[in-house]
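Below are the chains, spelled out letter by letter.
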Amino acid sequence: MAQVGIFVGTVYGNALLVAEEAEPLLVEQGHQVTIFEDPSLEDWLRYSNDVALVITSTTGQGDLPDSIAPLFHAIKDNLGYQPTLRYGVIALGDSSYDVFCGGGKQFDALLQEQSAQRIGDVLLVDATENPEPEEMTSPWVEQWAKQIS
Ligand SMILES: Cc1cc2nc3c(=O)[nH]c(=O)nc-3n(C[C@H](O)[C@H](O)[C@H](O)COP(=O)(O)O)c2cc1C
């Protein structure tokens, strides 16, 4: 069983919906879960020895939404090495844009740079092919939940 913080970056609410669908699936497998909608560095640091699930969309031109960009910059500016953190990333985007899922990819690259341990592959969710993202994310979350035990 793990303590899991879900860190949400959203503009229109799709990523939050995915987070709200993920929570009970993780709880079912015995994990303790908290969703953070405007996550701070302090929230993030509570999980340094546990598990973070970043669920973020992409806005602008491959950018992170305003709800999670401050966390990204705080991690970049204040932390450097997070080897005891395990994490996963669900990246929402739309393949009709030039930088597909750029927000989630940026977050993953930062955590890789800081030696955090990614569990599973980054899940890329294309809005043009998945009008209901949870149909794709829920099976992924169920598998991921088994790997963090
Ligand atoms: C103004 C705008 C800009 C976007 N830019 C990108 C982008 O650069 N790359 C991408 O993959 N998706 C982009 N998207 C698609 C969104 O990431 C996608 O629709 C996502 O499902 C929205 O999730 P949210 O409701 O959680 O914000 C953009 C959408 C909008 C409306």
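Read on for a plain summary of the structure. Every value quoted in this text rests on a predicted model; they were computed, and no experiment measured them. (Residues numbered from 1 in each chain as written. Predicted model: local features only at pLDDT ≥ 70, side-chain atom pairs only at ≥ 80, totals over all residues. Heavy atoms only, no water.)

1. A word on the packing of helix α3 (residues 69-78) against helix α4 (residues 102-113)
Running from N to C, α3 and α4 cross one another at 20°; their axes reach a closest spacing of 11 Å. Here α4 runs roughly parallel to α3, going by the angle between their axes. Our pair here, α3 against α4, has a crossing hand that is left-handed. Together, Leu-71, Phe-72, Ile-75 and Lys-76 of α3 and Gln-106, Phe-107 and Leu-110 of α4 make up the contact between the two elements. For the contact of α3 with α4, a count of residues per class yields 5 nonpolar, 1 polar and 1 charged. (Axes fitted to C-alpha atoms, helices over the stretch in contact; angles between N-to-C directions. Helix = DSSP H or I, 4+ residues; strand = E, 2+ residues; numbered from the N terminus. Parallel < 35°, antiparallel > 145°, perpendicular 65-115°, else oblique. Left-handed = near helix turned anticlockwise from the far one by under 90°. Contact = heavy atoms within 4.5 Å. Nonpolar A, V, L, I, M, F, W, Y, C, P; charged D, E, K, R; others polar.)

2. Focus: the nonpolar core
If you look at the biggest cluster of nonpolar residues, it comprises 25 residues, and the most contacted ones within it are Val-4, Ile-6, Leu-26, Leu-53, Ile-55, Ile-90 and Trp-144. Considering every element that reaches this core, the biggest residue donor is helix α1 (residues 14-28), with 7 residues. If near-sequence neighbours (up to four positions away) are discounted, Leu-53 is found in contact with Val-4, Gly-5, Ile-6, Phe-7, Leu-26, Gly-88, Val-89, Ile-90, Trp-140 and Trp-144. Of all hydrophobic cores here, the second largest spans 24 residues; its members include Phe-7, Trp-44, Ala-52 and Ala-116. (Core = buried A, V, L, I, M, F, W, Y, C linked by side-chain atoms within 4.5 Å. Buried < 20%, exposed > 50% of the residue type's maximum accessible area, 1.4 Å probe, protein only.)

3. A closer look at the site of the ligand
Around the ligand, the surrounding shell holds 19 residues, and the nearest of these are Thr-10, Ser-57, Thr-58, Gly-62 and Cys-101. Between an oxygen atom of the ligand and a main-chain N or O atom of Tyr-12, the distance comes to 3.2 Å. The backbone of Gly-13 places a nitrogen or oxygen atom 3.1 Å from an oxygen atom of the ligand. With the chains in place, 84% of the 650 Å² that the ligand exposes on its own is no longer accessible. Contributing elements (two or more residues each) for the shell around the ligand: α1 and β4 (86-93). Considering only residue class, the shell around the ligand consists of 8 nonpolar, 10 polar and 1 charged. (Near = heavy atom within 4 Å. Polar contact = N/O pair within 3.5 Å; in protein donor to acceptor, adjacent residues only side chain to side chain. Areas by Shrake-Rupley, 256 points an atom, 1.4 Å probe, with all protein chains shown as cover.)

4. As for the side chain of Asp-108
Mapped onto the secondary structure, Asp-108 falls in helix α4. In terms of polar contacts, Asp-108 uses its side chain to reach the side chain of Arg-118, at 3.0 Å. Apart from the residues lying within four places of it in its own chain, the contact partners of Asp-108 are Tyr-87, Val-89, Arg-118 and Val-122.

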